[in-house]
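Observations on chain architecture
Next come the chains, spelled out residue by residue.
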Amino acid sequence: MTSLSTEVLIIGGGPAGYTAAIYAARANLAPIQVLGYQPGGQLMITTDVENYPGFTSIQGPELMQHMADQAEHVETQMIHETVEKLDLGTQPFKAYLDGGTIIEAQAIILATGAQAKWLGLDSEKKFLGYGVSGCATCDGFFFKGKTVAVVGGGNTAVEEALYLTHHANKVYLIHRRDSLRAEKIAQDRLLNNPKIEVIWNSVVEEVTGDENPLSVTGLTLKNVQTQEVQNLSVDGLFVAIGHTPQSQLVKDTLDLDEEGYILTTPGSTQTSLKGIFAAGDVQDKTFRQAITAAGQGCMAALEAERHLNSN
Ligand code: NDP
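Residues numbered from 1 in each chain as written. Predicted model: local features only at pLDDT ≥ 70, side-chain atom pairs only at ≥ 80, totals over all residues. Heavy atoms only, no water.

Attention now goes to empty space enclosed by the protein. All chains considered together, the criterion is met by one cavity of 30 Å³ or more. Volume-wise, the largest cavity comes out at about 50 Å³. In terms of lining, the largest cavity is formed by Ala116, Lys117, Gly134, Thr156, Glu160, Val239, Ala240, Ile241, Gly242 and His243. Grouping the constituent residues of the lining of the largest cavity by class yields four nonpolar, four polar and two charged. (1 Å grid on protein atoms, 1.4 Å probe; cavity = no way out; pocket = protein on both sides within 12 Å on 5 of 7 lines; lining within 4 Å. Points joined across faces, edges and corners; volume = space filled by probe spheres on them. Nonpolar A, V, L, I, M, F, W, Y, C, P; charged D, E, K, R; others polar.)

Rendered as structure tokens:
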């Protein structure tokens, strides 16, 4: 068993975590960053990133490597394990890692991110990466001239459907109700787009396809009002039904909203417990951008530094 101690422990290896590490290290706080086994966060499953200032166009994984290199350059101590348990009832706080390491910390920055939600169908899992995707901007390009469907009725689903019209010839939006949750302006764009057809009150029951090569050819849909079942021919399915914040570690110790996002003081990364800060998608369900996560990581490190100075 290894025991470590630090002024600032950062949990998470996405843009928020790396930026917090860079700021905390440059403030001489000798941070420890616990990254998990596949660091980089959601940008690792993105291809071209064209809206991160400083890079006209860069691949998601490459951008994350730059951030990791920079955090390492300023001597962040990085640990490739996951945190299994946090004890926030004592000072210093204690983190128990799955590899047996125990870390004591005066302050903690939670930057554990969020994960895309899936429908939970076996066939969805089977065709994931072979026609089923969770990211139109990553995979839309592969559907040039084809027919695709998007599931969901929120801003993400509408944006993905609109984005996909740049590649696909026909885009179905499948929604389980008869009205969308997305903003009015986005809805207007969607409903006025001749390439998009909305299939209301319907859910996907199965993704169907070929075995060799593994590829999607259609969907089995059920109308939830009439119970009518129909088959829809599509080449791809994009699932855009929201995200789940990865806040399980603190679900019993910090204030969360009804969807599980960590609540922070407006304009701050301060959580409901002094000395614990949250940055990035685990506390932000509105913007969810790499650049906003990075900005919140910066805020969290500065706020952690102030907290340590005032104690
Ligand atoms: P939302 O939670 O807003 O929407 C999820 C959608 O998926 C809902 O329409 C929901 O249906 C549907 N859904 C959920 N579970 C299922 C299921 N199992 N089967 C079928 N449908 C399902 O998530 P988003 O990712 O769209 O947005 C998340 C947040 O990010 C929101 O606050 C959004 O406003 C914000 N955002 C903002 C953007 C912008 O401002 N440009 C862009 C993208 C996101 P139902 O409506 O029936 O609940």
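A cluster of basic side chains, namely Lys117, Arg176, Arg177 and Arg181, defines a positive patch on the protein surface. If you trace the backbone, arginine 177 turns up in the loop between β12 (170-174) and α6 (184-191). (Patch = residues over 30% accessible without salt bridge, like charges linked within 9 Å, V, L, I, M, F, W, Y side chains within 5 Å. Areas by Shrake-Rupley, 256 points an atom, 1.4 Å probe, with all protein chains shown as cover. Salt bridge = Lys/Arg side-chain N within 4 Å of Asp/Glu carboxyl O. Lys, Arg positive; Asp, Glu negative; His and termini not counted. Charge placed at Lys NZ, Arg CZ, Asp CG, Glu CD. Helix = DSSP H or I, 4+ residues; strand = E, 2+ residues; numbered from the N terminus.)

Our focus in this paragraph is the sheet that holds strand β14 (residues 202-211). Strand order in the open sheet formed by three strands is β14-β15-β16, with antiparallel pairing between adjacent strands. A single partner strand is all that each edge strand has here, and the edge strands are β14 and β16 (229-233). Each adjacent strand pair in this sheet contributes to an overall mean axis angle of 30°, direction not counted. (Pairing = 2+ DSSP bridges. Axes fitted to C-alpha atoms, helices over the stretch in contact; angles between N-to-C directions.)

Among the 17 residues in the neighbourhood of the ligand, the closest are listed as Asn155, Thr156, Glu159, Arg177 and Arg181. Glycine 153 places a main-chain nitrogen or oxygen 2.9 Å from an oxygen atom of the ligand. For the ligand, whose free accessible area comes to 900 Å², the fraction covered by protein is 73%. For the shell around the ligand, the residue count by class is two nonpolar, eight polar and seven charged. (Near = heavy atom within 4 Å. Polar contact = N/O pair within 3.5 Å; in protein donor to acceptor, adjacent residues only side chain to side chain.)

In short, the description is geometric, and any link to function would need to be established separately.
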